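In case you want the letters, here they are:
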Amino acid sequence: MSIWRTKSIEQSLADADHPDFKLKRRLTSVDLTVFGIGVIIGAGIFTLTGRAAAQYAGPGVVFSFIIAAICCGLAALCYAEFASTVPVSGSAYTFSYATLGEMLAWIIGWDLILEMVLGASVVAQGWSSYLVIFLEEIGLGWPKGLGPDANADFGQPNLAALLLVVVLVGLIAIGIKESLRVNLALVAVKLFIVLFVIVAGMFYISGSNYSPFIPERAGSISGEGIHQPLIQWAFGLEPQTFGVLGIISAASVVFFAYIGFDVVATTAEEANNPQRDLPRGIIGSLVICTILYVAVALVITGMVKYDQIDPEAALATAFRDVGRGGFATLISAGAVAGLTTVVMTLMIGAIRVIFAMSRDGLFPVRFAHVNPKTGTPIRITLTVGVFVAIVATFTPIGKLEEMVNIGTLTAFALVSIAVPILRKRRPDLERSFKVPFSPVLPIVAALICIYLTLNLSVETWLRFLVWMAIGFAIYFVYGYRNSRVGKGGDDKTVETLHM
């Protein structure tokens, strides 16, 4: 009995075929690519691009997106190798269980739950804001006491966010294929609007706005107390604005616009041909989103001088400045469609991670039972839906958004480290996709992720430590004692646990 015990690849694959826990394989590489685009492209393309250009890099933010894409790409390669080698639900949790041991697998699973559940709640609140704007643009309205500003204090419900979560929970419970059909339609809408904005914006680009393309260095941005980045508190290093160092600082900011591709790996058990389709879905969605981000960055900084960009509503303001205020309605509609897919995808990811952890006995095994009609874990779906609904409806989230980032980056770093470990321990496994230049690239990916976590605030780190303390308490009180691996992990154990 040990907290470092591992779960064999063979056992993970056998569990995926158990009748009580078997998910339906219905997803193609196109489904998975759309799934990835659906979660990556959200509010970031409408707001984050302009903020990074205005406050950090100017038109040079284009290079920031490319740098961030390369950093994410390294982690994506690691995910692609694992997902094609171990095509089982759970993403980074399942990968690390086979390599780093049960306790570290629990840590990663707990981090992923933080990322996806809290992320879905945060985005649901953002969705409610864009919905109200869109309704106002088309001449309708929303009750002020039940909208996005309602939960500035505890107790007042954000009804718009609640309605979104309820609808999406019902859709997810029906089936993964049905969920992704809706996701496909909404992704098509937001891609159309993003492409329309890019093409329309090209007619209003002024070459003078690109000069200088990389503005001169303008100093540093620093915080105080617990609000300062950990790297500043620990080493005295302050993030720089503009110049070459400003581009790097902006890359740390826009990196989070790419977060979400890892959710594709959580659907490994539902892919028709996971060895082929998962790498295509993960890498394909990242490449497409990078092209769109760079194009939007070029349009915004070409339409408006970087120091005059509105960091809160860059695209809408840019078109108003050139006399095309009506485009704000389209942009709001695109944001509503875009954020809907993000919330749905994050919830599906959280459900699949908890499903894998429950099947392993770290959470109650009863949760992992799959409905024979829908092919989905209904109990986990409803449980996740309740938590997301409560947080999105009643909780003032504010700076808790950074908690999503620290959970994600921690998982990225551990998955990257696990790739060369699994290669050394199990060279016999068939790998349809391999990370090139291993172990160098995986180690570089892990170091980049660790560096980015150091750029998060001390306050975020303190909250993260509290979250981890709660996770360790649950693991040692329940998970360690009920782990199927600890009990032998055979079919009889499964039967005993869910009786």
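In this text, all values refer to a predicted model and were calculated from it rather than measured experimentally.

Caption draft 1: Representation of the overall build of the protein. Within the protein, the secondary structure is distributed over 19 helices and zero strands. Of all 499 residues assigned to the protein, the portion counted as buried reaches 59%. The long-range share in the protein, meaning contacts at least 24 apart out of those at least 6 apart in sequence, stands at 83%. Total accessible area computed for the protein in this model is approximately 19,100 Å², and 66% of it derives from carbon and sulfur atoms. Here the protein contributes 34 positive and 34 negative side-chain charges, whose respective centroids are spaced 7 Å apart.

Caption draft 2: Focus on the layout of surface pockets. Empty space within the second largest pocket amounts to approximately 570 Å³. In terms of lining residues, the second largest pocket is bounded by 23 residues, among which Trp110, Ile113, Val117, Phe387 and Trp467 are the most central. Counting residues per element, the ones that place at least two in the lining of the second largest pocket are α6 (102-137), α14 (378-394) and α17 (458-482). For the lining of the second largest pocket, the residue count by class is 20 nonpolar, two polar and one charged.

Caption draft 3: Just the nonpolar core, in detail. Grouped together as the largest cluster of nonpolar side chains are 163 residues, with contacts concentrated most on Tyr79, Phe255, Phe261 and Tyr293. Ranked by the residues each element gives to this core, the list is headed by α6, at 20 residues. If sequence neighbours within four positions are ignored, Phe255 has contacts with Ala68, Cys71, Cys72, Leu409, Phe412 and Leu452.

Caption draft 4: Local environment of the environment of Ala161. Along the chain, the position of Ala161 falls in helix α7 (residues 159-174). Remark: the alpha-carbon pair of Ala161 and Gln11, spanning 150 residues in sequence, is separated by 40 Å. For Ala161, the contacting residues outside a window of four places in its chain are Ala124, Gln125, Ser128 and Ala392.

Caption draft 5: Spotlight on the packing of aromatic side chains. With the rule as written, the count across this model stands at 17 aromatic pairs. Consider the rings of Phe65 and Tyr258, whose centres lie 6.3 Å apart with planes at 70°: the pair is edge-to-face. Of this pair, Phe65 sits in helix α4 (residues 61-85) while Tyr258 sits in the loop between α10 (243-254) and α11 (274-303), and the two are 193 residues apart along the sequence. On the numbers, 5.8 Å between centres and 35° between planes, the contact of Trp106 with Tyr475 is tilted. Here Trp106 is found in helix α6, whereas its partner Tyr475 is found in helix α17, with 369 residues between them in sequence. Across this residue pair, the class does not change: Trp106 and Tyr475 are buried.

Caption draft 6: The packing of α6 against helix α13 (residues 327-359), seen in detail. Packing of α6 against α13 leaves a shortest axis separation of 8 Å and a crossing angle of 160°. Between α6 and α13, the crossing angle belongs to the class labelled roughly antiparallel. Here α6 runs over α13; the crossing is left-handed. Broken down by class, the residue content of the contact of α6 with α13 amounts to 27 nonpolar, seven polar and one charged.

Caption draft 7: View of the pattern of salt bridges. A complete count under the given rule lists eight salt bridges for this structure. A salt bridge links Glu81 to Arg423, with the nearest nitrogen and oxygen atoms 2.8 Å apart. Residue Glu81 is located in helix α4, and its partner Arg423 is located in helix α15 (residues 401-425); the two are separated by 342 residues in the primary sequence. Residue classification places Arg423 among the partly exposed positions, given a relative accessible area of 23%. Salt-bridge contacts for Arg276 lead to Asp277; the nearest nitrogen and oxygen are separated by 2.8 Å.

Caption draft 8: Summary view of α17. Under the 1.5 Å per step criterion, the end-to-end length of α17 is 35 Å for 25 residues, consistent within 8% with the ideal 36 Å. At Tyr475, α17 shows its largest kink, close to 45°. When we look at burial in α17, the residues that qualify are Val458, Glu459, Thr460, Phe464, Met468, Gly471, Tyr475 and Gly479.

Caption draft 9: Just a nonpolar patch on the surface, in detail. A cluster of nonpolar side chains, namely Phe63, Ile66, Ile67, Ile70, Ile214, Val244, Leu245, Ile248 and Tyr451, defines an oily patch on the protein surface of about 760 Å² accessible area. Elements represented by at least two residues in the nonpolar patch include exactly α4 and α10. Per-element tally for the nonpolar patch: the top contributor is α4, with four residues. The topology assignment puts Ile70 in helix α4. Exposure remark for Ile70: the relative accessible area of 52% places this residue in the exposed category.

Caption draft 10: A look at unusual backbone geometry. Residue Pro212 is reached from Ser211 by a cis peptide bond, and omega for that bond is 0°. Topologically, Pro212 is positioned in the loop between α8 (176-202) and α9 (230-235). Along the chain, Ser438 connects to Pro439 via a cis peptide bond; the corresponding omega equals 10°. Tracing the backbone shows Pro439 in the loop between α15 and α16 (440-454). Of note in this structure, Phe242 is not a glycine but carries a positive phi near 60°. Tracing the backbone through its elements, the reader meets Phe242 in the loop between α9 and α10. Even without being glycine, Phe437 reaches a positive phi, approximately 55°. By secondary structure assignment, the location of Phe437 is in the loop between α15 and α16.

Caption draft 11: Quick peek at the side chain of Thr408. When you line up the elements, Thr408 lands in helix α15. By relative accessible area, which is 0% here, Thr408 ends up buried. When near neighbours in sequence (up to four residues on either side) are disregarded, Thr408 contacts Glu115 and Ile259.

Scoring rules and cut-offs
Residues numbered from 1 in each chain as written. Predicted model: local features only at pLDDT ≥ 70, side-chain atom pairs only at ≥ 80, totals over all residues. Heavy atoms only, no water. Helix = DSSP H or I, 4+ residues; strand = E, 2+ residues; numbered from the N terminus. Buried < 20%, exposed > 50% of the residue type's maximum accessible area, 1.4 Å probe, protein only. Contact = heavy atoms within 4.5 Å. Areas by Shrake-Rupley, 256 points an atom, 1.4 Å probe, with all protein chains shown as cover. Lys, Arg positive; Asp, Glu negative; His and termini not counted. Charge placed at Lys NZ, Arg CZ, Asp CG, Glu CD. 1 Å grid on protein atoms, 1.4 Å probe; cavity = no way out; pocket = protein on both sides within 12 Å on 5 of 7 lines; lining within 4 Å. Points joined across faces, edges and corners; volume = space filled by probe spheres on them. Nonpolar A, V, L, I, M, F, W, Y, C, P; charged D, E, K, R; others polar. Core = buried A, V, L, I, M, F, W, Y, C linked by side-chain atoms within 4.5 Å. Phe/Tyr/Trp six-rings, centres within 6.5 Å; stacked < 30°, edge-to-face > 60°. Axes fitted to C-alpha atoms, helices over the stretch in contact; angles between N-to-C directions. Parallel < 35°, antiparallel > 145°, perpendicular 65-115°, else oblique. Left-handed = near helix turned anticlockwise from the far one by under 90°. Salt bridge = Lys/Arg side-chain N within 4 Å of Asp/Glu carboxyl O. Expected span 1.5 Å × (residues − 1). Bend = angle between axes of the 7 residues up to and from the residue. Patch = residues over 30% accessible without salt bridge, like charges linked within 9 Å, V, L, I, M, F, W, Y side chains within 5 Å.

So yeah, pure geometry; function would need other evidence.
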